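# Close look at the chain arrangement
Spelled out from the first residue to the last, the chains are:
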Amino acid sequence: MASLRGLATDMTPIHEQESTPQDYDTEVLLDGCDLDLTYPFATATSTQSELLYSTDYDDDEIVIIRAKQKKKKKKKRSFNSPRTKDFWGFSAGYTSKHWRKRTATGEEETLYFLNGNNLHGIQLGVRFNPLFKYGFGLDVGLFYEYYHYRYATQNNNPEQEDLIVYRTINEHVVRMPLHIEYRFNFSRSFQIFIFGGVAADYIISGNMIISNQNTNNNAENEIITDIYGPVFPTESRFNFALSYGGGLRFGAIQFNVNSARGIYNGTPTQDYIVFQDNPINITMSVMF
C-alpha cells in the first residue's frame, strides 16, 4: 500500500505537464484518395505561385480546377503593311522609244524614227517586287525588248523607179529598271502603287534588212549593221534614264505603266546632244 501511495504522489497531473508544440503530418483518407495536410497550415505569406490551383471537394471526391490562363494578344499589324508575299512575276507587254535633241542654246525637239512615229516593240522578262513595312517596296526587273519596223521607199535607180524597196529595222535590247515603290495595300487581292527610279538598257544587236518586191529569197537581201548614227540619231548602244510610273494589282495579275526620260548623251558631237526616251511602256505580270 505504501508503494502505491508513493507512486501516486510522484505522478504529476497530465494537465500540468509541459507540452512542446510539434509539427506533425496527418494523413486523411477520403474515398480512396490520399490527402496530406501539414500543420500548421500556410499563412497569408504564401506566394502567388503556390495558389495556381484551387480545390473544391465534397464528401466523396476532390476536384482540381486549373486557374485561368491569360489570353495571348495578337500581334498588331503595322500601318499599310503588305498583304501578300507573291514577290516574283513573269512579265510581258508593249514598249516604245524615240529621241530628244537639245541644241547648245537649250532648245529641244523630239526625233521620231519615221513619219512622226515612235519605234514600237515588245517586252518580256522577270519582275521582282519585295514589299516592306508601311507600304514601301522595290520594283526590279530584267527584260528583253525586241523592236521591229518595216517601211517602203522608192528605188533610187532611175531605171527602176517603179521598184518598191522595203527596209526592215530589227533591234534586240536588254533592260534593267530599279525603282523605289510605294504601295497602298487595300487588301490581299487589290493594291495601287506608284514608283520611281532609274533604268539602264543596252542594245545587244541591231540591223536593217533591205529587200524589194523582186527578191525571191532571204539570201538576196542586203543587211546593214552600221545603223547607229546613219539610221538612228544616237550612236551609243547604251542608255541611262530616269524612270517613273504606277500600276494596279488584282490578285496575282499586276499591270505596270511607266515612262523613261533619258539623261545619257548618245552622240559625241559638241553641237548638240541626243537623249533616248521611252514615252510609254505597258506590261502585265503574273505574280507568284
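What you see is a predicted model; the values in this text were computed from it and never measured.

Okay, the overall build of the chain next. Each helix and strand counted, the chain has one helix and 14 strands in total. Relative to its full complement of 288 residues, the chain shows a buried share of 29%. A sequence separation of at least 24 residues applies to 63% of the contacts in the chain between residues at least 6 apart. Only carbon and sulfur atoms are counted for the fraction: they give 57% of the accessible area of the chain, which is about 19800 Å².

Turning our attention to the nonpolar core. In terms of nonpolar packing, the biggest core is built from 16 residues, with Trp99, Phe113, Leu119, Tyr149, Ile169, Met208 and Phe232 touching the most fellow members. The contact partners of Phe113, leaving out residues within four places of it in the chain, are Trp99, Leu119, Tyr149, Tyr151, Ile169, Val231 and Phe232.

This model, assessed by the stated rule, comprises 15 aromatic pairs. Between Phe186 and Phe190, the ring centres sit 5.8 Å apart and the planes meet at 20°, which makes this aromatic pair stacked. Ring geometry for Phe193 versus Phe195: centroids 6.3 Å apart, planes at 25°, classification stacked. By relative accessible area, Phe195 is classed as buried at 7%. Here Lys97 stacks its cationic end above the ring of Tyr147, 4.7 Å away from the centre of that ring. Directly above the ring of Tyr272 sits Lys101, whose terminal nitrogen or CZ lies 4.3 Å from the centroid.

Positionally, Asn80 belongs in the loop between β4 (62-66) and β5 (88-103). By relative accessible area, which is 16% here, Asn80 ends up buried. For the pair formed by Asn80 and Phe136, sequence separation is 56 residues and the distance between their alpha carbons is 8.9 Å. A distance of 2.9 Å separates the side chain of Asn80 from the backbone nitrogen of Asn185, its partner in a polar contact.

Moving on, we come to the pattern of salt bridges. Taken as a whole, this structure holds 10 salt bridges when the rule is applied. Asp86 is paired through a salt bridge with Arg249; the nearest N and O atoms lie 4.0 Å apart. Taken together, the residues span a long stretch of sequence, with Asp86 in the loop between β4 and β5 and Arg249 in strand β12 (residues 238-250) at a distance of 163 residues. Residue classification places Asp86 among the partly exposed residues on the basis of a relative accessible area of 26%. The class of Arg249 is buried, set by a relative accessible area of 1%.

Below, the discussion takes up unusual backbone geometry. A positive phi angle, close to 55°, is found at Asn80, a residue other than glycine. Non-glycine residue Tyr134 carries a positive phi angle of around 60°. Judged by relative accessible area, which is 44%, Tyr134 ranks as partly exposed.

Our focus in this paragraph is the pairing of β12. Direction of pairing for strand β10 (residues 190-212) relative to β12: antiparallel, over a ladder of 13 bridges. If you follow Ile192 over to β12, its bridge partner there is Leu248. Where β12 and strand β13 (residues 253-262) come together, 10 bridges link them in antiparallel fashion. Each residue of the ladder has a partner; that of Ala241, found in β13, is Gly262. Here β12 folds back onto β13 in antiparallel fashion, the turn holding two residues, of which Gly251 has a positive phi close to 65°.

What counts and what doesn't
Residues numbered from 1 in each chain as written. Predicted model: local features only at pLDDT ≥ 70, side-chain atom pairs only at ≥ 80, totals over all residues. Heavy atoms only, no water. Helix = DSSP H or I, 4+ residues; strand = E, 2+ residues; numbered from the N terminus. Buried < 20%, exposed > 50% of the residue type's maximum accessible area, 1.4 Å probe, protein only. Contact = heavy atoms within 4.5 Å. Areas by Shrake-Rupley, 256 points an atom, 1.4 Å probe, with all protein chains shown as cover. Core = buried A, V, L, I, M, F, W, Y, C linked by side-chain atoms within 4.5 Å. Phe/Tyr/Trp six-rings, centres within 6.5 Å; stacked < 30°, edge-to-face > 60°. Lys NZ or Arg CZ within 6 Å of the ring centre and 35° of its normal. Polar contact = N/O pair within 3.5 Å; in protein donor to acceptor, adjacent residues only side chain to side chain. Salt bridge = Lys/Arg side-chain N within 4 Å of Asp/Glu carboxyl O. Pairing = 2+ DSSP bridges.

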